[in-house]
Amino acid sequence: MKYHFYILLFFFICLFSCKNNADHSTPSKKKIPVKGTIARQAMVVSARKEASLIGKQILQKGGNVFDAMVATEMALAVAYPYAGNLGGGGFMVYRKANGEIGALDYREKAPKAASRDMFLDEHGTVIPEKSQLGALAVGVPGTVAGVFAVHKKFGTLPIETILTPVIELADTGYVVTKKQEKRLQRFKDIFIKTNRDTILYAQPFKATDTIKNTSLANTLKRILKNGKDEFYKGETAHTIVDFLQQKGGIISLDDLASYEAKWRNPVTFDYKDLRIISMSPPSSGGICLAQIMKMIEPYDIQQYGHNQLKTIQIITEAERRAYADRSFYLGDPDFVTIPIDSLLSDTYLNTRMGTINFDKATLSSELNHGNISGYESDETTHYSIVDQFGNAISVTTTINGAYGSKLYSEELGFFFNNEMDDFSAKPGVPNMFGLIGAEANAIAPEKRMLSSMTPTIVEKNGNLWMSVGTPGGSTIITSVLQTILNVKEFNMSMQEAVNAPRFHHQWLPDHITFEPNSFDKQLLIDLKKKGYQINEEETTIIGKVDGILVLKDGTLEGGADKRGDDTAVGF
């Protein structure tokens, strides 16, 4: 009898233990390791197969990672008009094989005729459509200046060799994917409304159709012949200005002629045995990423478990504090003083995290930016490349909203950005991504607008370990964060880290956004009990991460996000 009693007792103890240690991630199945694309020498991962293949082709011709950057960036402008662009801008972080690091800012700028209150009505109320649709929303583009700055400093192949396959892609066309078909259908009406006419991309394209963009091919041919000056001073520049001003824009020839990309020092910081190299202002990415990772470093999230209750609490509370600081302190460093050292100091960050309570969520309404002594007051696409020489880049480029301002030049063959919406049209009023801004990011002539883009390179024990980044507006920073943590703390492959369900918090609005149908319902209930507001209704994708991981044997694993048409290729 005693024997049966102890068997039953053992059974109930096991049952109780299993219940209280339940894994709150997605429904459990036997885990089968998932590896991404493996290559021995070089890798390109981008949002479109065509762009990745052209980047790979340039590397196979003996070009380096910077030659491949120019080719991939321009190929995305052809095959991925949703975010790839000539009419936008971006950021690049690089690490050369000898350990040298740097960053390039080719972010758009406000026109010289821009003014602080240009998007307000007579009552001082923000008119969102003015900063999001049409010509007045367009910032001075930086992409062409950016690729030529990269080629001039680091390129090894002739620009003709690099751009010729891109021009051929525009001339012969690229195949529409199913996801691309859905996007074009979704935006068709707003294309016609904004342009007051039909345009190439308002045609009823279906998956497997081929889109040829001869206008863009001709623009690229002129740029190939005349270089950067073609876009900023030549025939193309005049066409841009005439087009935008006829549509009510304020960009002038002087704005274009005076635009320059800027080389900057990246933000660097340590997380355990990793050294993170990320983008500096006017991107908020590097500083926010540093704040979040330094705030969570003292906590044993590996022990808490991937996407488990305490892990999500710690990351959310760190994100809440970093985004609150972002809203107040960050802007264009050429216009405002940013207290970077203070924002990243251990003393400051320990103080910021000193108020967290595992039993109860912090209310964003009760949390402001931190106090620093002496201080006065996305659609996007990403690609990562590692070349056969050991050089690496991480690049995020954008026209901001999907298809930017929706304004399209039939003569030039590309969409223009709506980056003016990334300024604080009015301090305290959210932009299209729900981000709140303050004086540091107010509109001013020739100022670069604040960004969330977070192109990042990671070293481990002094060696190249990862190149990673993503689109996703305000979710960029948190998606990059979780991808790095997935590999470092939870031993995932690059592909597994990219595929894993993601969540996001940004201070305001005060809710955690979860990818729909990706998290255990009991986990969400437990978070609600602690006072966290849950948003699982919106189906907005939280990032489309592309990354490259250097494996222990020196081979490269490319992780291309399943949420898009992203593709990794290598050799």
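An unreviewed UniProt entry lists the protein chain under the name Glutathione hydrolase proenzyme, from Aquimarina hainanensis. Recorded in UniProt for the protein chain, the comment headed Subunit (unreviewed entry) runs: "This enzyme consists of two polypeptide chains, which are synthesized in precursor form from a single polypeptide."

Draft legend 1. Main features of helix α19 (residues 521-529). The complete set of buried residues in α19 reads L523, L524, D526 and L527. The buried residues of α19 all sit within an arc of 160 degrees when viewed along its axis, so they share a single face. Relative to its buried face, α19 has exposed residues pointing more than 90 degrees away, namely K528 and K529. Residues of α19 that are buried make contact with α14 (309-329), β17 (512-514) and β18 (534-535). The N-cap of α19, judged by a side-chain oxygen 2.9 Å from the amide nitrogen of Q522 a few residues on, is D520.

Draft legend 2. The packing of helix α6 (residues 159-172) against helix α8 (residues 214-226), seen in detail. Look at α6 against α8: their axes get within 8 Å of each other, and the N-to-C directions meet at 165 degrees. Relative to α8, α6 is oriented roughly antiparallel. As α6 packs across α8, the resulting crossing turns out to be left-handed. Across from I159, E160, L163, V166, I167, A170 and D171 in α6, the residues of α8 making contact are T214, A217, L220, K221 and L224. Partitioning the contact of α6 with α8 into residue classes produces 8 nonpolar, 1 polar and 3 charged.

Draft legend 3. Spatial organisation of the side chain of R502. Within the element layout of this structure, R502 appears in the loop between α18 (494-499) and β16 (503-504). Accessibility expressed as a relative area gives 1% for R502, which makes it buried. Within the structure, the side chain of R502 is placed 2.9 Å from the backbone oxygen of V498, a separation counted as a polar contact. Polar contacts involving the side chain of R502 include one to the side chain of D561, which spans 2.9 Å.

Draft legend 4. Broad picture of the sheet that holds β18. Ordered in space as β16-β17-β18, the 3 strands form an open sheet in which the pairing is mixed. Of all the strands in the sheet, the pair left with one neighbour each is β16 and β18. Summarising the sheet, β17 and β18 pair through 2 bridges and their orientation is parallel. Across the sheet, residue I512 finds its bridge partner in β18, namely I534.

Draft legend 5. Seen up close, the packing of aromatic side chains. What the rule picks out here adds up to 26 aromatic pairs. When the ring of F231 is compared with that of Y232, the centres are 4.9 Å apart and the planes differ by 65 degrees; the resulting orientation is edge-to-face. Under the relative-accessibility criterion, F231 is labelled buried at 0%. For Y232, a relative accessible area of 1% translates into the label buried. An aromatic cluster is built from Y80, Y82, F187, F191, Y201, Y403, Y408 and F415, whose rings are joined through pairwise contacts. The ring of W263 is capped by K153, whose NZ or CZ atom sits 4.2 Å from the centre of that ring. If you follow K310 out to its NZ or CZ, it ends over the ring of F358, 4.5 Å from the centre.

Parameters at a glance
Numbers given for residues are sequential positions, taken from 1 along each chain in its written order. Reporting in this predicted model follows two pLDDT cut-offs: at least 70 for local features of residues, and 80 or more for side-chain atom pairs to be given and counted; totals over whole chains, interfaces and linings ignore these cut-offs and use all residues. Computation of side-chain values covers all heavy atoms of the structure but excludes hydrogens and water. UniProt positions are given in the numbering used here, feature names are shortened, and annotations may be inferred rather than shown by experiment. Think of it in three bands: with a 1.4 Å probe and only protein chains considered, a residue is buried below 20% of the maximum accessible area for its type, exposed above 50%, and partly exposed in between. The helix count covers DSSP runs of H or I at least four residues long, the strand count covers runs of E at least two residues long, and both are numbered beginning at the N terminus. By definition, the arc is the one covered by directions from the helix axis to the C-beta atoms. By definition in these notes, contact holds between two residues if any of their heavy atoms fall within 4.5 Å. The term polar contact refers here to a pair of N or O atoms within 3.5 Å; inside protein, the definition further demands a hydrogen-donor-capable atom paired with an acceptor-capable atom, and it admits residues adjacent in sequence only when both atoms are side-chain atoms. Axis lines are fitted to C-alpha atoms, over the contacting stretch for helices. Their N-to-C directions set the angle, which ranges from 0 to 180 degrees. Roughly parallel means an angle under 35 degrees; roughly antiparallel, over 145; roughly perpendicular, 65 to 115; everything else is oblique. Handedness of a helix crossing follows the sense of rotation of the near helix relative to the far helix, less than a right angle counterclockwise being left-handed and clockwise being right-handed. The residue classification treats Ala, Val, Leu, Ile, Met, Phe, Trp, Tyr, Cys and Pro as nonpolar and Asp, Glu, Lys and Arg as charged. All others, Gly included, are polar. Here the rule is simple: two strands pair whenever DSSP picks up at least two bridges between them. Any two of the Phe, Tyr and Trp rings considered here, Trp counted by its six-membered ring, make a pair once their centres fall within 6.5 Å; the pair's planes then place it as stacked at under 30 degrees, edge-to-face at over 60, or tilted in between. Comment: the charge-over-ring label is applied if NZ (Lys) or CZ (Arg) is within 6 Å of the ring centre and within 35 degrees of the ring normal.

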